[in-house]
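Residues per chain, in single letters:
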Amino acid sequence: MNMAIGAPENETPTATGVSRRTLVKGAAWAVPVIALAAPTPAMAASVCTPSTNFDGLAVGTSPSSITFYNSQGQPTGVTATLSWSSNGQPSSKPGNTGQVLQTTQNPIFNFIEIQMVQALNKGDYVELTLNIVGGPVKGLSFKLIDIDKTVAPGNIGWVDNVWIRTVGYTYTTGTNVQGAGTETNPFNPVVWGDKPIVSGEGDVRITYPGAISQVIIRYVAGENGNSQSQHIGLGNISYDICQTTPTARTAQRSAAAVQTQFPAPLAADESAFVGDGTVDN
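Residues numbered from 1 in each chain as written. Predicted model: local features only at pLDDT ≥ 70, side-chain atom pairs only at ≥ 80, totals over all residues. Heavy atoms only, no water.

### Overview of the pairing of strand β4 (residues 110-117)
Part 1 of the argument: Of all the 8 residues making up β4, 8 are buried; the element is thus mostly covered by neighbouring parts of the structure.
Part 2 of the argument: Summarising the sheet, strand β3 (residues 100-102) and β4 pair through 3 bridges and their orientation is antiparallel. The partner of glutamine 102 across the bridge, within β4, is asparagine 110.
Part 3 of the argument: Direction of pairing for β4 relative to strand β14 (residues 229-238): antiparallel, over a ladder of 6 bridges. In the sheet register, glutamate 113 faces β14, and the bridge partner there is glycine 233. (Buried < 20%, exposed > 50% of the residue type's maximum accessible area, 1.4 Å probe, protein only. Helix = DSSP H or I, 4+ residues; strand = E, 2+ residues; numbered from the N terminus. Pairing = 2+ DSSP bridges.)

Laid out in structure tokens, this is it:
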């Protein structure tokens, strides 16, 4: 994998009964309060990069605000709010959009779902707006996961496209992602196939070197399709509080601006997922 934060792959059944990923068993869907634990030493933010703690969120909840923690597990006073809109979908948060889900294969970790449902028309989208409260912050960074595409028998199931509408970012991609994240050249999959979410092949790491307080991400149906459940996920978010010299910062920006791809082999005991082309796994 090319990212520091692990990539996910699982999900709950949609209203149509079609399941894209299987949620971890025993999740407490009825709990109305979002449980958020401070990071443990194993998952704590580094000294330089306060981070959210998605693994401390209760699976099945839909947080509207997420806290950043420092390396001692203390709130920094900065939060990220999440708001949603969509086009061509039955609601502003279609399917499981906005919910905290968890992978069922190793590595096990939580992510926030961004999902489209029903028959898809090219250009349908779900849009996430992240507002940084207590910002602006520098070095804002996050990962988008599971960008892929598949062909169902006789026609297309889905084609994931991602447009990062807020400019000024640098990026690195997994081995199955191409594009630059723009409207005319969105992040999109290289080859056909429903890739395992934990493989990292469909991941993109986005980083904003400069100060920023809002990011808008649009998840777009790249083609007409018959999938009743296509999705990507949002991983943990961090920012950078460490001071660097202008020379060092320039070098960091130059290095980050180069799109690099890293192999993401499956674990020795992990079998590759083979989909039927109608459900995004």
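### Re the confidence of the model for the chain
Part 1 of the argument: Summarising the model, the chain shows a mean pLDDT of 80, and 71% of its residues fall at 70 or more.
Part 2 of the argument: The low-confidence segment residues 1-43, where pLDDT is below 50, has 151 contacts with residues more than four positions distant or belonging to other chains.
Part 3 of the argument: Here residues 245-256 is modelled with pLDDT under 50, and outside its nearest four sequence neighbours on either side it reaches 9 contacts, counting other chains as well. (pLDDT = per-residue confidence, 0-100. Contact = heavy atoms within 4.5 Å.)

### Considerations on the sheet that holds strand β8 (residues 155-164)
Part 1 of the argument: Spatial ordering of the open sheet is given by β1-β2-β5-β13-β8-β7, a layout of 6 strands whose pairing is antiparallel. Single-partner strands in this sheet number two, and they are β1 (65-69) and β7 (149-152). The average angle at which neighbouring strand axes cross in this sheet is 20°, direction not considered. (Axes fitted to C-alpha atoms, helices over the stretch in contact; angles between N-to-C directions.)

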